[in-house]
2 protein chains.
Amino acid sequence: MRVHDVSDVLHAPYDRGMTEPSTTLADALREQIIAGDFSPGTRLSEAAVAARLDVSRNTLREAFRVLAQHGLVEHIPHRGVSVASPTTADVVDIYRARRLIECGALRGASPLHPSVADMRAALERAEAALEEADWATVGTANMAFHRALIALSDSPRLERSHGHLAAELRLAFLAIDDPESLHRPFVARNRTVLEALVGAGPDAAADELERYLTESERRVLGAYARMGRD
Amino acid sequence: MRVHDVSDVLHAPYDRGMTEPSTTLADALREQIIAGDFSPGTRLSEAAVAARLDVSRNTLREAFRVLAQHGLVEHIPHRGVSVASPTTADVVDIYRARRLIECGALRGASPLHPSVADMRAALERAEAALEEADWATVGTANMAFHRALIALSDSPRLERSHGHLAAELRLAFLAIDDPESLHRPFVARNRTVLEALVGAGPDAAADELERYLTESERRVLGAYARMGRD
DNA sequence: GTCGCACGGATTGTTGAACAATGCGGGTCC
DNA sequence: GGACCCGCATTGTTCAACAATCCGTGCGAC
């Protein structure tokens, strides 16, 4: 069953912590969105969401502005915001940007960079989850692998941009809803990338990564086509 | 004389047009900031800016959130927002990201792409402004050249990221306030890049662009060092 | 003198209510 | 069936208020 309205979703009010709601609020909403609490395309009524999260409309609107900048939410004037639902063109663009940024980061990386350990750790988590057919965890770990890969560049701004791409892409995965075929084949490929990096060197790893991304894009687009998606 | 408080700046209320203030408002503020109406580091008091732009604090805060996401403004909880003032580390990071994105876009580009015409047009504007020692226009045209260069990638997301980098970098230029040395030498280099693209091909152009960016970074960092800047 | 600390003013964070402006759906009329 | 119009729901924005936090100031202790 698909969720098509906020009211269909039950969840606790976001956790009020020590920081300001308006900052944390966007984070909380982001987490819920990429966790799939609201499926892509869901309309987010200001009044409904504000009531459910127990914040005022004004505060919520600030959070929405942030999410809209991240591409996680689409804001159309006088028509409200809805969870972004990446089109085929969006997917193509996301992968184009990923290829450029990830391969570039990898090509300029040192195999001795501390993040290599993070990549390895993420890879091992993915391989462990693979054993148990826990595709959600596999997906998360794959994501972490690529995040660590970008960290090789030591560039906060590239990490930020890549984070946005990853979040948007996750929405596309949610829309497809076939985690196994989207995540399973790519654990082995990630291992190949990592071993190429510490073995054959950054350029070979980047070439391998490029194949990875092209294949991943092909899968997503194929699924979209089968769904008759725009 | 440097501006250090909003109250020092005189300007008309932002132009109320047909679209919603909250969207246009961020744009208007962005324009004013990158035009140098508020010098980097200036504190932007909510009450003062709201009064001057004739909007409510709530609406202004939405705009601030957007600008903060763009990196144009720094928002510290309970301490308000100030115009970003890129540190040396920021400059290094911005150039690192620019090198990766711009060189990557160029390397994957076709010399037959329509944006090549835009690059040429921007270059000619820069060369014309150079004749008249109009450094501000030279800077704007140089910026447009690189924007057109990114457009070679046909990736809206890369264009957006690059736009943010360019805006942040402009703040660094504002802080330096020596437009001639920052813009003059690079017109000829842009021509070299363009001619390499249509002549020797994308890879040669990318190599040239890399030298361009390294040299530009060196100038900015040098100026920062001479200013005793963080 | 200066270090720590309490106090108060100023600013930010958030709320709730209100109203204008816009979009959407339904009904009517031709 | 299609064009038009009207009413309702939602968004965009403002305002006033209050809580929470920060910052400068002055005081006292050492």
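A. Quick look at the packing of helix α4 (residues 88–107) of chain B against helix α9 (residues 202–227) of chain B. All names here are of chain B. Closest axis-to-axis distance for the α4/α9 pair is 9 Å, and the angle between their directions is 170°. Put simply, α4 runs roughly antiparallel to α9. Across the contact of α4 with α9, the residue classes break down as 13 nonpolar, three polar and eight charged.

B. Region of the structure containing helix α6 (residues 135–151) of chain B. All names here are of chain B. Taking 1.5 Å of rise per residue, the 17 residues of α6 would be expected to cover 24 Å, and the 24 Å separating its terminal C-alpha atoms lies within 8% of that figure. Counting buried residues along α6, 12 of its 17 residues qualify, which places the element largely inside the surrounding structure. Considered for burial, the residues of α6 that qualify are Trp-135, Val-138, Gly-139, Ala-141, Asn-142, Ala-144, Phe-145, His-146, Ala-148, Leu-149, Ile-150 and Ala-151.

C. Region of the structure containing the sheet that holds strand β1 (residues 43–44) of chain A. All names here are of chain A. Ordered by their spatial adjacency, three strands build an open sheet running β1-β3-β2, and the pairing between neighbours is antiparallel. This sheet does not close on itself; its edge strands, each paired only once, are β1 and β2 (73–76). Alignment of β1 against strand β3 (residues 80–83), held across two bridges, turns out to be antiparallel. From the neighbouring strand, Leu-44 faces β3, where its bridge partner is Val-81. Packed onto the sheet, helix α3 (residues 57–70) meets β1, β2 and β3 and runs at close to 110° relative to β2.

D. Local environment of the confidence of the model for chain A. All names here are of chain A. Looking at chain A, the pLDDT average stands at 91 and 90% of residues meet or exceed 70. When mean pLDDT is taken per element in chain A, helix α4 (residues 88–107) scores highest with 98 and helix α1 (residues 21–34) scores lowest with 85. Segment residues 1–18: pLDDT under 50, and 40 contacts once partners within four positions in sequence are set aside and those in other chains are kept.

E. Structural detail: the sheet that holds strand β2 (residues 73–76) of chain B. Residues and elements named next belong to chain B. As summarised here, the arrangement of the three strands in space is β1-β3-β2, forming an open sheet in which the pairing is antiparallel. Looking along the sheet, the strands with just one partner apiece sit at the ends: β1 (43–44) and β2. Taken together, the four bridges between β2 and strand β3 (residues 80–83) define a ladder with antiparallel strand orientation. Note that in β3 the partner of Glu-74 across the bridge is Ser-82. Taken strand by strand, helix α3 (residues 57–70) contacts β1, β2 and β3, and its axis lies near 110° from that of β2.

The rules behind the values
- Residues numbered from 1 in each chain as written.
- Chains lettered and ligands numbered in written order.
- Predicted model: local features only at pLDDT ≥ 70, side-chain atom pairs only at ≥ 80, totals over all residues.
- Heavy atoms only, no water.
- Axes fitted to C-alpha atoms, helices over the stretch in contact; angles between N-to-C directions.
- Helix = DSSP H or I, 4+ residues; strand = E, 2+ residues; numbered from the N terminus.
- Parallel < 35°, antiparallel > 145°, perpendicular 65-115°, else oblique.
- Nonpolar A, V, L, I, M, F, W, Y, C, P; charged D, E, K, R; others polar.
- Expected span 1.5 Å × (residues − 1).
- Buried < 20%, exposed > 50% of the residue type's maximum accessible area, 1.4 Å probe, protein only.
- Pairing = 2+ DSSP bridges.
- Contact = heavy atoms within 4.5 Å.
- pLDDT = per-residue confidence, 0-100.

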